[in-house]
Amino acid sequence: MESLRPGVERICDQLLAPVAEQYLDGEVVDLNRTLAVPLPLAVFGELLGVPAEDRAWLQKLVPSTLAAMRPDSSEEELCTADEANSVIERYFLDLAERRRRDPGEDLVSLLVAVHDDEPDVLSADDLMSMLWGLWAGGLATTTTAVDFGVLAMIDHPGETRWLRGGPAEALAFVDELLRYEAPAMSTAISRFAQRDVELSGVPVPKGADVRVLFPACNRDPDAFPSPDTFDPSRKHLHRNHLTFGHGLHYCLGAALARMELAAVLPKVFSQLPAMVLHEQPTFHQAVPVRVFASLLVSRG
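The paragraphs below set out a description of the structure included in this document. (Residues numbered from 1 in each chain as written. Predicted model: local features only at pLDDT ≥ 70, side-chain atom pairs only at ≥ 80, totals over all residues. Heavy atoms only, no water.)

To continue, consider the packing of aromatic side chains. One pass over the structure, following the stated rule, counts nine aromatic pairs. Considering the side-chain rings of Y91 and F92, the 5.6 Å spacing of their centres and the 85 degrees angle between planes classify their relative orientation as edge-to-face. Looking at Y91, the relative accessible area reads 8%, which means it is buried. Taking 5.2 Å as the distance between ring centres and 70 degrees as the angle between the ring planes, the aromatic pair formed by F173 and F230 counts as edge-to-face. On the criterion of sequence distance, the pair formed by F173 in helix α9 (residues 167–180) and F230 in the loop between α10 (214–218) and α11 (254–271) is long-range, its members being 57 residues apart. Comparing F173 with F230, the two get one shared label, buried. Feature note: the residues W57, Y91, F92 and W135 constitute an aromatic cluster, connected by ring pairs. In this structure, R179 packs its charged tip against the face of F224, placed 5.1 Å from the ring centre. The ring of Y180 is capped by R219, whose NZ or CZ atom sits 4.1 Å from the centre of that ring. (Phe/Tyr/Trp six-rings, centres within 6.5 Å; stacked < 30°, edge-to-face > 60°. Buried < 20%, exposed > 50% of the residue type's maximum accessible area, 1.4 Å probe, protein only. Helix = DSSP H or I, 4+ residues; strand = E, 2+ residues; numbered from the N terminus. Lys NZ or Arg CZ within 6 Å of the ring centre and 35° of its normal.)

Written as structure tokens, this is what we have:
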């Protein structure tokens, strides 16, 4: 991850330069559209070796896949998601084959090499699941985390001192952000109760769709004292938050997301001073990922 940091910082600087110029001139800027959306798209594109000309249209397929993961998804949304998933899968199958013939230094080339050398360790299904998960699962969540990071600077100005320190302090701010405002409201993939069970006095029948609600877990007072307080100093407790899941289901891109946020948020803080909200942000959807429609800020 540290070897990727210079590239992330370069992308961030490229995106922020025109935004900062407009901002310092007194204009209202939309940090969702100009920073939070394009940043992870460029980072994941470079990491996976997705050509620049393919990234935008491939990214536009992701919201359809997320919408289908809501418990109340319609038949039409499920059909649309199936088609979007098929397009993404076909694309990465083709990309893997291209990297097999002409390998580069990207992650797809490395994973293809592992699969070809040790198919018992990384099967074809494992390879595709990993690539799909990084692309479809990493873009929207990282975008939302950047948006919430900006809101945290505005809502908790006393804690922005953590963004003026070094990498360890910035990472403490990021970890508390991920606890305080988990980008995903719930697990995207259904779990089903294997038998009748009772949880905290609530009966859960066999076969019921069971979802973990990350914000509720991360505000558990038994795990986090004063859980509704944004406090980066609780560093020793951050390993307890469930934003990235747990155990076998721990997020494959967790280290990348933390590094991205720790790289970008101090830059936003230093280059866009005295930020205030121009208007309250609105959201496209909340489940499974809280997706911002816009994030308009101006200089106070």
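The structure having been displayed, the exposition proceeds.
Within the secondary structure, I189 sits in the loop between α9 and β2 (191–192). Residue classification places I189 among the exposed residues on the basis of a relative accessible area of 53%. The sequence separation of I189 and M69 amounts to 120 residues, and the corresponding C-alpha distance is 6.8 Å.

Scanning the entire structure with this criterion turns up 16 salt bridges. Ionic pairing is found between D94 and R98, a salt bridge with its closest N-O pair at 3.0 Å. Of this pair, D94 and R98 both sit in helix α6 (residues 75–101), separated by four residues, roughly a single helical turn. Of the residues examined, R98 reaches a relative accessible area of 24% and is grouped as partly exposed. (Salt bridge = Lys/Arg side-chain N within 4 Å of Asp/Glu carboxyl O.)

Read these as spatial facts, not as claims about activity.
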